[in-house]
Amino acid sequence: MANEGSFEASKKRSDQIIADLDVNPGKYTMLTGDRPTGRLHMGHYFGTIRERVRLQELGVNTNVIIADYQVITDRDTTANIQDNVYNMVMDYLACGIDPEKTLIFTHSAVPALNQLMLPFLSLCTEAELLRNPTVKAEQEASGHQLTGLLLTYPVHQACDILFCKGNIVPVGKDQLPHIEQTRNIARKFNERYGQVFPEPEAILQEAPEIPGLDGRKMSKSYGNAISLCLTEKETEKLVKKSKTDSERFITFDKENRPGVSALLTTAALCTGRDEVEIAAEIGNDGCGALKKYVIQSVNEYLAPIRERRRGYEQDLDFIKDVLHEGNRRANQIAEQTLAEVREAMGMVY
């Protein structure tokens with residue numbers, strides 16, 4: 001029998017919630033977010049942002065955190081962070097996240113949220129923190145020593161989720177340990193001090209694997225991403241210089257033809273068609289014809305997003321207002337939650 005923390009148990013609970021979302025969206029509070037380390041790209045859009053907009057429009061209480069403090073878990077600098085944050089808000093709004101319906105805020109601007117770290121850390125053992133696979137992966141990828149900030153990264157995420165009483169978090173399978181850690185923190189707090197927090201559930205997304213232009217996962221750090229903010233000409237230039245192979249006839253074969261297959265998947269996502277169908281249509285016309293089709297598909301799909309984004313680029317004051325209002329509302333929520341925590345812990349003086 002699957003235990004509560006197993007993938008099978010999590011998947012079963014996730015499927016039940018997904019079925020219920022359409023019927024009772026108001027029961028759910030979602031928290032998700034991104035680190036402002038650069039521009040958002042098509043991988044972000046198809047992987048998570050499109051789903052956030054869907055949940056927002058369903059009527060779920062949606063909250064999006066721009067996790068600026070988490071940038072320094074594995075980086076030595078905050079250079080360009082303000083510019084990255086403003087551009088992230090532009091991308092969100094251009095993609096359809098509505099600040100009237102979704103709370104958009106920054107980590108560092110909400111002191112009461114971060115103050116939850118102290119009681120939450122008292123509920124975690126060193127072994128639990130060291131066991132988290134994401135912490136290990138982040139440390140290996142960065143080549144840094146394990147800092148206190150990186151070690152407690154999953155606890156920060158618990159603060160983010162629980163400050164607004166989040167009860168659903170859209171994640172991939174690899175993020176399940178973070179959600180389990182948050183559930184454990186909520187459960188231990190409630191057992192020790194009284195009922196304050198929900199035990200959040202993972203919404204396991206069936207998001208498509210978004211390949212970059214080189215066949216690897218699309219990532220800012222790989223330099224293989226089509227950013228949402230690119231112009232049509234920049235997109236054309238990027239796709240044209242992507243690596244394919246010398247075989248003329250176009251086929252979809254991820255293992256043996258990663259570059260060609262990545263282009264086919266990109267076109268498929270933008271057109272709603274199947275990769276094999278597109279490959280058969282291009283056939284012997286070769287990689288030049290494939291790249292031309294991809295450029296057209298991407299530029300047509302992103303055109304309305306880019307048009308909205310250009311409008312926001314001309315109105316930075318509006319972007320700042322969105323963030324200021326989001327931070328103001330987030331502080332109200334966090335202070336209310338912190339007051340409940342103090343009350344439960346007997347720390348009201």
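Residues numbered from 1 in each chain as written. Predicted model: local features only at pLDDT ≥ 70, side-chain atom pairs only at ≥ 80, totals over all residues. Heavy atoms only, no water.

Caption draft 1: Molecular detail of the packing of aromatic side chains. For the structure shown, the criterion picks out eight aromatic pairs. An angle of 35° between the planes, with centres 5.3 Å apart, marks the rings of Phe46 and Tyr301 as tilted. With a gap of 255 residues between them, Phe46 in helix H2 (residues 42-58) and Tyr301 in helix H14 (residues 286-313) connect regions that are remote in the sequence. Of the residues examined, Tyr301 reaches a relative accessible area of 22% and is grouped as partly exposed. Grouping aromatic residues by their ring pairs yields a cluster made of Phe120, Phe189, Tyr193 and Phe197. (Phe/Tyr/Trp six-rings, centres within 6.5 Å; stacked < 30°, edge-to-face > 60°. Helix = DSSP H or I, 4+ residues; strand = E, 2+ residues; numbered from the N terminus. Buried < 20%, exposed > 50% of the residue type's maximum accessible area, 1.4 Å probe, protein only.)

Caption draft 2: Local environment of the pairing of strand E2 (residues 61-66). With five of six residues buried, E2 lies mostly within the body of the structure. Where strand E1 (residues 29-34) and E2 come together, six bridges link them in parallel fashion. For Gly33, the partnering residue across the bridge sits in E2 and is Ile65. Crossover connection from E1 via H2 to parallel E2: handedness right-handed. Bridge analysis of E2 against strand E3 (residues 102-106) gives five bridges, and the strand direction is parallel. From the neighbouring strand, Val64 faces E3, where its bridge partner is Ile104. The parallel pair E2 and E3, bridged by helix H3 (residues 81-95), forms a crossover whose chirality is right-handed. (Pairing = 2+ DSSP bridges. Right-handed = clockwise from strand over helix to strand, strands pointing away.)

Caption draft 3: Looking closely at the side chain of Asn84. Relative to the elements of secondary structure, Asn84 occurs in helix H3. According to the relative accessible area criterion, Asn84 is buried, its value standing at 9%. Aside from chain neighbours lying at most four places away, what touches Asn84 is Pro36, Thr37, Gly38 and Arg39. (Contact = heavy atoms within 4.5 Å.)

Caption draft 4: Spotlight on the environment of Val64. Looking at the element boundaries, Val64 is found in strand E2. Taking the C-alpha atoms as reference points, Val64 and Gln139, separated by 75 residues in sequence, lie 25 Å from one another. With sequence-adjacent residues up to four places away left out, Val64 is seen in contact with Thr32, Gly33, Arg52, Tyr92, Thr102, Leu103, Ile104 and Phe105.

Caption draft 5: View of the state of the cysteines. The tally for this structure, following the rule as stated, stands at zero disulfides. Counting only cysteine sulfurs, Cys159 is the nearest neighbor of Cys124, a cysteine outside any disulfide, at a range of 9.1 Å. The exposure class of Cys124 is buried, given its relative accessible area of 12%. (Disulfide = S-S within 2.5 Å.)

Caption draft 6: Structural detail: the nonpolar core. Counting residues in hydrophobic clusters, the biggest one holds 52 residues, and the most contacted among them are Met42, Tyr92 and Ile104. Sorting the residues of this core by element identifies H2, E2, H3, helix H11 (232-240), helix H12 (258-271), helix H13 (275-282), H14 and helix H15 (316-345) as the ones contributing at least two each. When neighbours within four sequence positions are excluded, Tyr92 is seen to be in contact with Asp34, Leu40, Ile49, Arg52, Val64, Ile65, Ile66, Ile97 and Ile104. Val110, Met117, Leu151 and Ile179 belong to the second-largest nonpolar core, a separate cluster that totals 36 residues. (Core = buried A, V, L, I, M, F, W, Y, C linked by side-chain atoms within 4.5 Å.)

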